[in-house]
Each structure stands twice: as structure tokens, then as C-alpha cells.
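Here is how the chains run, residue by residue.
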Amino acid sequence: MKKSFPIDHAVPISKAMRAGDFVFTSAFGPWLFNPANLTYDDAGNIIDDGTGNKSMSLEEQIHRTFGFIKEALAVADCTLDDVINSECWLTDPRDFVPFNAIYKTYFKADPPVRSIFPMRFMFACKVEMKVVAYKPLKT
């Protein structure tokens with residue numbers, strides 16, 4: 001069984017996708033943006049994503065990112081307790097320690113396996129995440 005949970009967004013993605021007993025989320029940062037509103041410099045670097053959120057603190061960005069992840073899981077009847085894998089991206093490796101301090105408050109027992117990577121995003125955020133949850137279908 002495959003079921004999509006689309007998101008009303010400028011980009012054609014789903015919040016989550018259930019494939020049998022597994023639920024996959026899209027990658028989420030702390031806010032949604034419209035790619036048509038991006039402003040670039042001559043080298044192709046993003047100057048502005050048009051959201052006005054560039055000055056948001058790292059801590060708030062992490063909490064808001066978790067909010068989007070929780071919403072995406074909820075549409076597929078899952079919670080963070082069902083997460084078995086997470087992939088995380090940070091723009092600045094120096095944010096690794098504060099990221100972990102907040103991350104562990106969301107996964108207190110049985111934290112999922114995780115990968116974390118440095119990344120340059122298509123918008124002006126500092127963090128992005130996606131997860132895979134395991135929640136068997138009720139038969």
C-alpha cells in the first residue's frame with residue numbers, strides 16, 4: 001500500500017508518504033518558501049528567500065523544523081516515537097552541539113539512527129530534516 005499526503009505548497013511535494021508500514025517525510029526546514037521569490041547574487045548564491053526569516057535564531061529554527069516534522073508525521077498517524085531514522089543538514093558545522101542539545105529533547109527514549117551533513121540550502125535557513133517512521137498498518 002502506498003499513500004501520499006500532499007502539501008499545499010509552491011513546490012510539488014508531499015508532507016509524507018506511507019509505503020506499507022513505513023512513513024517517509026519530505027525534508028523540512030523552519031519555514032516554507034516560494035522558489036519564485038529567491039534572489040541570487042551573480043555567483044548563484046542566495047541573497048534572500050523572500051520570507052523575512054533570515055534573522056531567526058538557530059534554536060527557534062530547530063524547534064520550528066521539528067514542528068513541521070511532527071505535522072508531517074501526524075497526517076500519516078505517526079509521532080516522533082515512531083521515527084527510526086533521521087537525516088539532518090546544517091549550514092554551519094559549529095551548530096552541531098546546540099543542534100544536538102535540542103534534538104535530544106525530542107527523542108528522549110530510543111533515539112533513531114541519524115545522519116547529519118553540512119549543506120548549502122535553497123533558502124536562508126540553518127537547518128533541515130527528514131525522517132522515516134515505522135508504524136505497522138492496522139489489519
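Look up: the structure comes first, before these words.
Residues numbered from 1 in each chain as written. Predicted model: local features only at pLDDT ≥ 70, side-chain atom pairs only at ≥ 80, totals over all residues. Heavy atoms only, no water.

Moving on: the nonpolar core. Counting residues in hydrophobic clusters, the biggest one holds 26 residues, and the most contacted among them are Leu73, Phe99 and Met129. Looking at which element gives the most residues to this core, the answer is helix 1 (residues 58-75), with seven residues. If near-sequence neighbours (up to four positions away) are discounted, Phe99 is found in contact with Ile62, Cys88, Leu90, Arg114, Ile116, Val127 and Met129. Leu38, Met56, Phe121 and Phe123 belong to the second-largest nonpolar core, a separate cluster that totals eight residues. (Core = buried A, V, L, I, M, F, W, Y, C linked by side-chain atoms within 4.5 Å. Buried < 20%, exposed > 50% of the residue type's maximum accessible area, 1.4 Å probe, protein only. Helix = DSSP H or I, 4+ residues; strand = E, 2+ residues; numbered from the N terminus. Contact = heavy atoms within 4.5 Å.)

Moving on: the packing of aromatic side chains. In this structure the tally under the stated criterion is eight aromatic pairs. Ring geometry for Phe66 versus Tyr106: centroids 3.9 Å apart, planes at 5°, classification stacked. With Phe66 in helix 1 and Tyr106 in helix 2 (residues 96-106), the pair connects residues that are 40 residues apart, well separated along the chain. The ring of Tyr103 has Arg114 lying over it, and the distance from NZ or CZ to the ring centre is 4.6 Å. (Phe/Tyr/Trp six-rings, centres within 6.5 Å; stacked < 30°, edge-to-face > 60°. Lys NZ or Arg CZ within 6 Å of the ring centre and 35° of its normal.)

Our focus in this paragraph is the sheet that holds strand 1 (residues 2-6). In spatial order, the strands read 1-2-3-8-6-7; together these six strands make up an open sheet with mixed pairing. With one partner strand each, in any of the chains shown, strand 1 and strand 7 (113-118) form the two edges of the open sheet. Looking at each pair of strands side by side, their axes are set apart by 15° on average, direction ignored. Pairing geometry for strand 2 (residues 14-19) and strand 3 (residues 22-25), over four bridges, is antiparallel. Residue pairing across strands places Met17 opposite Phe24, the latter belonging to strand 3. (Pairing = 2+ DSSP bridges. Axes fitted to C-alpha atoms, helices over the stretch in contact; angles between N-to-C directions.)

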